[in-house]
Amino acid sequence: MCGFFPIFLRSYKIDVVVIGGGTVGTIRAKELLKAGFKVKVISKDFSTELKELEKSYQTLFLFKKEININTKLELKELIRDTNLVISATGNPALNKDICELAREMGKLCNDPSNMENSDFIIPISMVNNDFGVAVTTFGISSIVSKEILNRINSDILASKEIINLLHAMAEIKVFLKENVKDPKRRYHLYHEIFDDREFNLRAKEGDIKNALERAKEIVGDEN
Ligand SMILES: C[C@@]1(CC(=O)O)c2cc3[nH]c(cc4nc(cc5[nH]c(cc(n2)[C@H]1CCC(=O)O)[C@@](C)(CC(=O)O)[C@@H]5CCC(=O)O)C(CC(=O)O)=C4CCC(=O)O)c(CCC(=O)O)c3CC(=O)O
Ligand SMILES: NC(=O)C1=CN([C@@H]2O[C@H](COP(=O)(O)OP(=O)(O)OC[C@H]3O[C@@H](n4cnc5c(N)ncnc54)[C@H](O)[C@@H]3O)[C@@H](O)[C@H]2O)C=CC1
């Protein structure tokens, strides 16, 4: 058991606090903003890039403050309304303390300076309207993680076949939900249709119309 479980978070209702506005804090804040999260960065000072980003994102708030773990009350107040905390100061001992406090408050915390303190990992990822892929090597090497993602990209996703299949299966889902009332039977049919050689060939070619016709035949045969 590796002790991790992947999930994709819906970003628009989640507030994130990033503590530390340096190299790592900036990259994370930028990715989170692009994904649609509201981000508050608390730091002694901020990178030029963060100051620029503040001009273009209404969802980014820069809050200049030196965090001192001995003034817990103040830090508690700063992270009270947030769901996720990323503690990316250049001080690993401080990052650890911040994560411990956040956890006591029921928040999930990420410490980029030491994975052992983290409740979640930020993987290397690619997300679009059709699918999302996230890769981690559990902190061993982000360079290798990137290579894995590149290979997934070039070996599988660069071909149109998978996307064609996905779009065909989307049509199948609409059709089955409308026409087959029993969910257990639908579940069985998804597999049967997907595994059917003729359906699969047509779908991969992007011939959705005939793929759907073949699916209707299969559903009809079952009746
Ligand atoms: C555990 C984790 C933090 C967590 O989320 O908990 C973590 C930990 C550490 N990384 C370190 C170094 C590097 N990090 C990167 C890059 C990225 N690192 C990211 C995530 C993660 N990094 C999490 C695991 C994700 C996974 O498993 O893959 C990415 C994906 C996202 C992001 O940072 O926002 C981002 C991709 C940016 C992009 O898109 O290119 C590169 C490569 C590069 O810069 O090109 C290097 C150089 C060497 C290398 O390859 O590792 C060090 C310092 C080691 C030291 O001090 O020597 C630590 C801490 C440690 O190991 O102690
Ligand atoms: N996960 C990853 O991918 C990587 C993680 N790291 C680790 O992440 C940590 C941060 O690294 P960088 O961003 O490169 O450092 P950095 O020096 O560029 O940024 C640190 C930021 O924290 C702020 N800060 C420091 N003490 C503070 C305090 N008491 N209160 C408020 N703000 C404070 C600074 O003002 C600065 O903006 C380091 O511990 C480093 O080892 C480094 C490289 C990659």
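Summary of the structure given here. (Residues numbered from 1 in each chain as written. Chains lettered and ligands numbered in written order. Predicted model: local features only at pLDDT ≥ 70, side-chain atom pairs only at ≥ 80, totals over all residues. Heavy atoms only, no water.)

## Brief notes about the pattern of salt bridges
If you walk through the whole model with that rule in mind, you get 15 salt bridges. Of the charged contacts, one joins D15 and K38 as a salt bridge, the two residues approaching to 3.7 Å between their closest N and O atoms. Taken together, the residues span a long stretch of sequence, with D15 in strand β1 (residues 15–21) and K38 in strand β2 (residues 38–46) at a distance of 23 residues. One network of salt bridges, in which partners are shared, links D196, E198, R202, R214 and E217. (Salt bridge = Lys/Arg side-chain N within 4 Å of Asp/Glu carboxyl O. Helix = DSSP H or I, 4+ residues; strand = E, 2+ residues; numbered from the N terminus.)

## Observations concerning the site of ligand 2
Neighbouring residues of ligand 2: 18 residues in total, closest T23, V24, K44, D45 and I67. G21 has a polar backbone atom sitting 3.3 Å from an oxygen atom of ligand 2. Within the contact set of ligand 2, an oxygen atom lies 3.1 Å away from a backbone nitrogen or oxygen of G22. When ligand 2 sits alone it has 860 Å² of accessible area, and the protein chains cover 66% of it. At the level of secondary structure, the elements contributing two or more residues to the shell around ligand 2 comprise β1, α1 (23–35) and β2. (Near = heavy atom within 4 Å. Polar contact = N/O pair within 3.5 Å; in protein donor to acceptor, adjacent residues only side chain to side chain. Areas by Shrake-Rupley, 256 points an atom, 1.4 Å probe, with all protein chains shown as cover.)

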